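Results of the structural survey
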Amino acid sequence: MKFPMNGWFVALLCGTATAQTPYPPAPPTNLVAVDHGWDAATKIDLSWDLSADDAEQVRSYQVLKAVGRIGDVTIEPDFKPVESVDPGTAEFRVKDLKAQLKRWEVEQEYGDNEAIAALLADGSKSFKIGYVFQVVAMGKDGSRSATQTASPITPTMQIFDGSRFWFSVMTFIFCGAVIAFIYLARSGMPLKIRKIAGLDAVDEAVGRATEMGRSVMFIVGIQDMNDIQTIAGINILARVARTAAEYDAKIEVPTSRALVMATARETVQSAFLKAGRPEAYNEDLIYYVTDEQFGFVAYLQGMMVREKPAACFYMGSFFAESLILAETGNSIGAIQIAGTAQPAQLPFFVAACDYTLIGEEFFAASAYLTGSPEELGSLKGQDVGKLVVAAILIAGVLMSTMAAILGPDQGIGKSLVDAVKYLKDVILT
Amino acid sequence: MATAYTPGLTVTARTTHRVRRLLPISGDVLVKKGDTVASQDIVAETFMPGDITPVNIANILSLPPGDVAECMLKKEGDPVEAGEPIARTKGIFGLFKNTCTARVGGTLESISSVTGQVMIRGEPEPVSVRAYLSGDVMTVLPDEGVEIETDVSFVQGIFGVGGETYGRIVMACESHEQELTAELIKPVMKECIIVGGARMTGSAIERAREIGASAIVSGGMDDEDLRDFLGYDLGVAITGSEDVGITLIITEGFGDIAMAARTFKLLGSRAGADASVNGATQIRAGVMRPEILIPLTAEGRAKSPKSAPSDGQLVPGRPVRIIRDPYFGVLGTVGALPSEPQVLDSGSKARVLEVKLDSGDSVIIPRANVELIEG
Amino acid sequence: MTTIDPDTVKVILATDCGSTTTKAILIQFVDGQYRQTHRGEAPTSVEEPFADVTIGVINAVTEVAELADRKLVDADGRIIQPAKGNAGCDLYISTSSAGGGLQMLVAGVVRQMTAESAKRAALGAGAIVMDVIASNDERRPHDQIQRIRELRPDMILISGGTDGGTTTHVVQIAELIAPAKPQPRFGSDYRMPIIYAGNAKAASLIEDVFDDTVDLAIVENLRPVLERENLGPARDKIHDVFLEHVMAHAPGYDKLMSWVDAPIMPTPGAVGNILQTIAERQSINAVGVDIGGATTDVFSVFGGTFNRTVSANLGMSYSISNVCAEATMPNILRWVHFDMDERELRNRVKNKMIRPTTIPQTIEALVFEQAVAREALRLAYQQHKEFATTLKGVQQQRTVGDTFSQQTGGQTIVDSMKLDLIVGSGGVLSHAPRMHQTALMLIDAFQPEGITRLAKDSIFMMPHLGVLAQVHPKAAMEVFDRDCLIYLGTCVASVGPAKAGRTSFEYAITGDTLNESGEMCWGDLKLLALGQQETARITLTPARGVDVGGGPGKRVEQTVHGGTVGLVLDARGRPLVLGDAPEVERWVNALDLYPQMAAMV
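Residues numbered from 1 in each chain as written. Chains lettered and ligands numbered in written order. Predicted model: local features only at pLDDT ≥ 70, side-chain atom pairs only at ≥ 80, totals over all residues. Heavy atoms only, no water.

With that settled, the discussion passes to the overall build of chain B. The secondary structure content of chain B amounts to 6 helices and 29 strands. Scaling as 2.2 N^0.38, a compact globule of 375 residues should have a C-alpha radius of gyration of about 21 Å, whereas chain B reaches 28 Å, well beyond that. Taking all 375 residues of chain B together, the buried fraction comes to 51%. A separation threshold of at least 6 residues defines the contact pool for chain B, and within that pool the share at least 24 residues apart is 65%. As displayed, chain B has an accessible area near 16800 Å², and 51% of this comes from carbon and sulfur atoms. Considering chain B, the positive charge centre built from 36 side chains and the negative charge centre built from 50 side chains are found 4 Å apart. (Helix = DSSP H or I, 4+ residues; strand = E, 2+ residues; numbered from the N terminus. Rg over C-alpha atoms; globule rule 2.2 N^0.38 Å. Buried < 20%, exposed > 50% of the residue type's maximum accessible area, 1.4 Å probe, protein only. Contact = heavy atoms within 4.5 Å. Areas by Shrake-Rupley, 256 points an atom, 1.4 Å probe, with all protein chains shown as cover. Lys, Arg positive; Asp, Glu negative; His and termini not counted. Charge placed at Lys NZ, Arg CZ, Asp CG, Glu CD.)

Structure follows, in structure tokens:
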């Protein structure tokens, strides 16, 4: 049973072997290695003429590299494969090369070589690498063609990295816009910022508390100082506290983190000082309650129902407590102003509060409030950046859509696909 | 109305002028009826209640306002000195006491248990009133002030800035049409009243201020120079209280305009005499014009006869000044007074008069646009 | 004062004692309706040497009597009442703004809330507000006291706190006022009247703060809750105190007060009163303006809410220089369609300031003066818009839909699109040589949108009618309709994205005398003749996005009234952006404002 099977198999194998004559494909010719321009000496461009049997026999071209020279010393190259490319391809960019080796690297790797040892003994410091490359045409049957070696070549470094061209354009646009707007703002050009009702209403809210003889309550979220939203909240607290000082109103700031309490105290104190009423500052009204999310909320709710503050501010990072706080505040008839960058909590605040700062507005608040040219200018400049990115995104989406409609494989569709690829891989990376 | 009434500015060589000098609040009058006073003598004085400074003890000592009264070291009516403690908390077991000191001196006026504030009233400030005009005290208004009267040469300006001042009249210009420039102002004119001719230039004003002149009187000035001098654009003609170091009076109006020859002659005739000048102008109900008062000496009284006070009526032959473009500043006499309103170039209907100009021509002018030259 | 039976009143005499002239008008019942028949005026006699207001009143009334050939004053120099045959009158009323009117100091806790309500109450009562003291007015208490000491108001209004609200702030303000011991303007023998209209709970504390050197009156809180104003009681009290104290101490007023059949009102208060009555009766939104030599008063009624502002330093003579300073010369000169030398003009402006009674003789001077008037009115209206707002400090109701359209409280209630009537008065408007000039001054300064009627007060009769409306509304309304206002015409203006040369709206008008249709391009101004008492039906078809009163792009069909000027179609765009001089000249020619000038060229 076993033998006849084997005999049949061998016969079959032999049959196929004789059907195709095993000879290697013709080698690629004219392999040229050129240093890649505008890079950090890491790339070399190879190009060659295709093998004469490219269409019939070649399965792929294998690119190999080796160190062929160190300094002035020629070394026997030890080729290692870099990558295989499809038949029909006549160029390849070798990346991740080095222009030079460090002394210890040379010692470690080539210390055995006499000429190198002499070089090391000489105290030479230049260990430039000369690379040599091979391109091998791999036959479909596994055979390899004769190889072509170019003379050793060293990648060189240029001042600018060409692949970062678009990055530099973007940087210039973004930074330029910021600088230009700061300059314009300083020269007195009025920069229009969309009215943020929530910040304009600070006077109104604090005024209400003053007239009604009640307090102003300010919550800086439930996160610690490392959260950017807490910092934005503290910024707004400075303004609210200053208004409260001017109106001679009581401002109460319960916090759920000890560090936030300390920061809030400093902020409020300096706000009172700026308003010229340092004696009216009472640090006992800025206190720590608990780190526990719902313990904190329960306390706040109780306090709001008992003391009925006439103005409530929620500025910072909030989670499940947003609606609990806002609803309680609404029920006691307070003017409420909220600001958070938590998208999930925004709808609750919008529905239950009088005014809400939405995401970006919350961070733009300090520029809006101070109106200083530096802050206004950078805000405007960032807007230009966002505008540019948005424009590119829209262009990309449109092009992809068009490509899908026209067929991505040919004609305009293909060029669109290439353009999108360029956008994605070159401009936006 | 058979006759037309129009206001005018007084320019007269001799008139009896009476000034009323009053204290802002009641006080002591220092002169008697019949006394003769010099312009810079003090005739009445008083003390204004001092400034009030509120101190919020409740905030400073972190106390409920109701507890402030218990912690006070001073009672209402007590004198306090700056830096003196006025309130102290009870502390804990007699320790950790907080003290509040007075920032200003004065008298503790009130303590509030609602707001926790105490009021400290500063020392009273003396206020005195000078005679302004050298003359005789005619009436004494007890506790309020006096009325002083004397015969003066009297010139009313149309507009001025700066308050009351005194000095000797010096003529800087040779004719009433000469512009008052900086070169004409000499250091010897310190503390004098400089009389110019036509427009006073901005540099002349600056120069006069530098040398320390008391006042400048001239025909006109430019709005721009006034703005540069004051540092702001004057909105309403209520002046007199600005602190600018020198009093300016214009007699005709703004722009390039010569002083009326009569005014210039009168001032020229009194050169060297001491005068009292007030630039205060108030053009509202209860109009006030700037004035130059030059008291007459006994011999001067004998020389110049008293002129009859004007009745302010427009009658043919009276001298008038045209006070609106296109003939602004031109002088003439009243000609015909047609009673029917006439249509002006502007299309409005108004009562007019004919003005015979010194050049011999005559022009038709709305009655509202002339003023009598009185005296 | 006796109760009045409106049916028996046949002859009404009314006087207005202004700061310079006293004006008297006679209203008679003729052919079944009340008409204003005669008028007269005389210089006001409050100041020395007369020092008795009734002398001026009698002089003015005597002039009316002579004209009407009716004996109104008896041998003792008293007005004869009631009417018998050809003598006397049935009703005598008066207003007064002599001696600078009613000057008040108001105080509140928060400047934008109770202090503003207090200011509204004072202005509405016809007062001039000298200053507003508030906890947050950015002055140190010391400076506030200093300011109170400097001012010499006729009375002080203190408000602050909602009912049950803050007491400390209110008492603090009272504690500033009490030691400052403000001195009243007239005489030292009467006690400063102070009206308290704040937190009811603080009233007793306020009483403790003041001693008997002041005359303290306590009325209902003018802002009981932040959501609602209750200005009535405070306003009435101001009127009472005005009569009891201020008037009683002004020379001759005690006599005048005994003559009148209705309380004497401050003139601006009376004007506000009549405007409010008109707006209410015809259910329209109206704006009234009175531009004087020193001040400009703007009154408005929008949706039944009355507001008044006084722009203290915007006027045409005493304050003309201030108008130029505030508006700046380029802004004034943009209305002038020929070249003028700026330095020369500046001097001319100052000369007008120091000689306020002069009138423009040349056409150039008139054009310039009317340019100044446009800016003065524009600035006054702007101030008015900023003051006439919804209440601040009110809790808002929101839905998620409001996310991007949140609005703060305190938005202006003045909406040019909803405005139905503009009434102008004051010398530069009433005495302009051509009514067309008045009409265009009003349009340029107020920039009405949609369809708006324009009128001027013929002889400044509104104060008289304001008082009359309180005792005899029927007579007041009849006279107002027939004799008081001169209707100039109607302005039709479009709002929208203006592009020069593009069509703004199309119109088709059908009426007895006027039948026309056509289209208006942006930048066009057109005058169509439509006489007084005439009406026409207008159909407006705006271009896309353009609003002529019905909303963007919506067609409007409405009846329009004519007037001495006619129907003005205005497609110059809003806000009005002025082009170069030739464009302004085109507009000037469209309304034939200055025919003598066109003749000169």
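What follows deals with the overall build of chain A. Along chain A, the regular secondary structure elements total 14 helices and 14 strands. Here the C-alpha radius of gyration of chain A, 36 Å, is well above what a compact globule of 429 residues would show, namely 22 Å. Dimensions along the principal axes, computed over C-alpha positions, put chain A at roughly 105 × 70 × 50 Å. When burial is assessed residue by residue, chain A has 44% of its 429 residues classed as buried. In chain A, the proportion of contacts linking residues at least 24 apart, taken out of those at least 6 apart, comes to 69%. Of the roughly 22000 Å² of accessible surface on chain A, 60% is carried by carbon and sulfur atoms. Here chain A holds 36 positive side-chain charges and 49 negative ones, and the gap between their average locations is 2 Å.

Let us look at the pairing of strand E19 (residues 247–254) of chain B. All names here are of chain B. Where burial is concerned, most of E19 is hidden: 8 out of the 8 residues are buried. Strand direction decides the pairing type here: strand E18 (residues 215–221) and E19, joined by 6 bridges, are parallel. Each residue of the ladder has a partner; that of Ala215, found in E19, is Thr247. In this view, the connection linking E18 to its parallel neighbour E19 by way of helix H4 (residues 223–230) has right-handed handedness. (Pairing = 2+ DSSP bridges. Right-handed = clockwise from strand over helix to strand, strands pointing away.)

To continue, consider the interface of chain A and chain C. Interface extent is often summarised as the accessible area lost during association of the parts. Taken together, the 30 residues of chain A in the interface contact 32 residues of chain C. Among the ionic pairs, Glu227(C) bridges to Arg208(A), the shortest N-O distance being 2.9 Å. Our enumeration of links across chain A and chain C arrives at 15 residue pairs in polar contact (both at pLDDT 80 or more). Mapped onto the side of chain A that touches chain C, the elements with two or more residues apiece are helix H5 (197–200), helix H6 (202–212), helix H7 (228–247), helix H11 (346–352) and strand E14 (355–358) of chain A. (Salt bridge = Lys/Arg side-chain N within 4 Å of Asp/Glu carboxyl O. Polar contact = N/O pair within 3.5 Å; in protein donor to acceptor, adjacent residues only side chain to side chain.)

What follows covers the domain arrangement of chain A. On domain assignment, one finds that chain A holds domain 1 (23–159) and domain 2 (202–353). One C-alpha centre belongs to domain 1 of chain A, the other to domain 2 of chain A, and the line joining them spans 67 Å. (Domains from an automatic or database assignment.)

This part is about the domain arrangement of chain B. Domain parsing of chain B yields domain 1 (6–19 + 150–303), domain 2 (52–121) and domain 3 (313–374). Computed from C-alpha atoms alone, the centre-to-centre distance between domain 2 of chain B and domain 3 of chain B is 70 Å.

Before going further, it helps to examine the confidence of the model for chain B. Residues and elements named next belong to chain B. When pLDDT is averaged along chain B, the result is 84, and 94% of the positions lie at 70 or above. For chain B, per-element mean pLDDT is lowest for strand E1 (residues 4–5), which scores 44, and highest for strand E17 (residues 192–195), which scores 93. Throughout residues 1–5 the model reports pLDDT below 50, and contacts reaching past four residues in sequence, or to other chains, amount to 8 contacts. Reported confidences for the modelled complex are a pTM of 0.78 and an ipTM of 0.83. (pLDDT = per-residue confidence, 0-100.)

A few words on the packing of H4(B) against helix H11 (residues 342–354) of chain C. One can describe the packing of H4(B) onto H11(C) by two numbers: an axis separation of 8 Å at closest approach and a directional angle of 75°. Here H4(B) is positioned roughly perpendicular relative to H11(C), judged by the angle of their axes. Facing H4(B), whose interface residues are Asp223(B), Glu224(B), Leu226(B) and Arg227(B), H11(C) presents Arg343(C), Arg346(C), Asn347(C) and Lys350(C). (Axes fitted to C-alpha atoms, helices over the stretch in contact; angles between N-to-C directions. Parallel < 35°, antiparallel > 145°, perpendicular 65-115°, else oblique.)

Our focus in this paragraph is the confidence of the model for chain A. Detailed reading of the predicted model is not advised wherever pLDDT is low. All names here are of chain A. Of all residues in chain A, 94% have pLDDT values of 70 or greater, and the mean over the chain is 86. Below pLDDT 50 for its whole length, residues 1–5 participates in 0 contacts with residues either more than four positions away or in separate chains. Within the model, pLDDT remains below 50 along residues 9–19, and this stretch shows 0 contacts once partners closer than five positions in the same chain are excluded.

We now examine the pattern of salt bridges. Using the criterion set out here, one finds 67 salt bridges over all chains in the structure. For Arg343(C), the salt bridge identified is with Asp256(B), shortest N-O distance 3.6 Å. Placement of Arg343(C) in helix H11 and of Asp256(B) in the loop between E19 and helix H5 (261–269) is noted, with the two residues assigned to different chains. Taken together, the salt bridges that share partners define one network made up of Glu179(B), Arg199(B), Asp222(B), Asp225(B), Asp256(B) and Arg343(C).

The next point concerns a negative patch on the surface. Residues and elements named next belong to chain B. Where like charges cluster on the molecular surface, the negative patch consists of Asp28, Glu45, Asp143 and Glu144. With respect to the helices, strands and loops of the structure, Asp143 is situated in the loop between strand E13 (135–141) and strand E14 (145–156). Look at Asp143 and you get partly exposed, because its relative accessible area is 46%. (Patch = residues over 30% accessible without salt bridge, like charges linked within 9 Å, V, L, I, M, F, W, Y side chains within 5 Å.)

Residue and element names in this part refer to chain B. The 3 strands are arranged E3-E5-E12 in an open sheet whose pairing can be described as antiparallel. Either end of the sheet is taken by a strand with one partner, and the two such strands are strand E3 (28–29) and strand E12 (125–130). With 6 bridges connecting them, strand E5 (residues 42–48) and E12 associate as antiparallel partners. By the bridge assignment for E12, Thr46 is matched with Val127.

Spatial ordering of the open sheet is given by E6-E11-E10-E7 (chain B), a layout of 4 strands whose pairing is antiparallel. Looking at strand neighbours, the two that pair on one side only are strand E6 (52–56) and strand E7 (79–80) of chain B, the edges of this open sheet. Two strands pair when backbone bridges link them, and E7(B) and strand E10 (residues 106–111) of chain B are joined in this way by 2 bridges, in the antiparallel orientation. Bridging across to E10(B), Pro79(B) finds its partner in Thr107(B). Where helix H3 (residues 141–150) of chain C meets the sheet, it contacts E6 and strand E11 (117–121) of chain B, and its direction lies at approximately 145° from that of E6(B). On the sheet, helix H4 (residues 168–180) of chain C packs against E6, E10 and E11 of chain B and is oriented at approximately 20° with respect to E11(B).

Another aspect to go through is the layout of surface pockets. Rolled over the atoms, a probe with the dimensions of a water molecule shows which regions are left empty. By volume, the second largest pocket is sized at about 690 Å³. Along the wall of the second largest pocket there are 28 residues; nearest its centre are Asp248(A), Ala249(A), Lys250(A), Ala280(A) and Asn59(B). For the lining of the second largest pocket, the elements supplying multiple residues, two or more each, are H6, strand E10 (250–255) and helix H8 (258–274) of chain A, helix H1 (57–60) of chain B together with H4 of chain C. Here the element with the most residues in the lining of the second largest pocket is H4(C); it accounts for 3 residues. Residue composition of the lining of the second largest pocket, grouped by class: 12 nonpolar, 12 polar and 4 charged. (1 Å grid on protein atoms, 1.4 Å probe; cavity = no way out; pocket = protein on both sides within 12 Å on 5 of 7 lines; lining within 4 Å. Points joined across faces, edges and corners; volume = space filled by probe spheres on them. Nonpolar A, V, L, I, M, F, W, Y, C, P; charged D, E, K, R; others polar.)

Turning to the interface of chain B and chain C, a few remarks are in order. Between chain B and chain C, the residue contacts involve 59 residues of the former and 43 residues of the latter. Counting the surface lost from both chain B and chain C, the interface buries some 4300 Å², and carbon and sulfur atoms represent 51% of this. Counting across the interface, chain B meets chain C through 9 salt bridges. Among the ionic pairs, Asp233(B) bridges to Arg346(C), the shortest N-O distance being 3.8 Å. The tally of links between chain B and chain C comes to 22 residue pairs in polar contact (both at pLDDT 80 or more). The set of elements that each furnish at least two residues to the side of chain B that touches chain C consists of E6, E11, H4, E19 and strand E28 (362–366) of chain B. Broken down by class, the residue content of the side of chain B that touches chain C amounts to 26 nonpolar, 15 polar and 18 charged. (Buried area = accessible area lost by both parts, 1.4 Å probe.)

The side chains of a regular strand alternate, residue by residue, between the two faces of the sheet. Residue and element names in this part refer to chain B. Within strand E21 (residues 291–295), 5 of the 5 residues are buried, which leaves the element mostly enclosed by the surrounding structure. Going residue by residue along E21, you find Glu291, Leu293 and Pro295 tucked away on one face and Ile292 and Ile294 tucked away on the opposite face as well. Pairing analysis gives 3 bridges linking strand E20 (residues 274–278) to E21, with the strands arranged antiparallel. When the bridges of E21 are listed, Val277 appears paired with Ile292.

Scanning the entire structure with this criterion turns up 16 aromatic pairs over all chains. These aromatic residues form a ring-pair network of at least three members: Tyr314(A), Phe318(A) and Phe349(A). Cation over ring: Lys10(C) sits above Phe29(C), and NZ or CZ is 4.4 Å from the ring centre. Stacked on the ring of Phe387(C), the Lys or Arg Arg120(C) has its end atom at 5.0 Å from the ring centre. (Phe/Tyr/Trp six-rings, centres within 6.5 Å; stacked < 30°, edge-to-face > 60°. Lys NZ or Arg CZ within 6 Å of the ring centre and 35° of its normal.)

This paragraph deals with helix H12 (residues 363–387) of chain C. The terminal C-alpha atoms of H12(C), which comprises 25 residues, lie 36 Å apart, in line with the 36 Å expected from a rise of 1.5 Å per residue. Burial within H12(C) is extensive, with 20 of its 25 residues counted as buried. (Expected span 1.5 Å × (residues − 1).)

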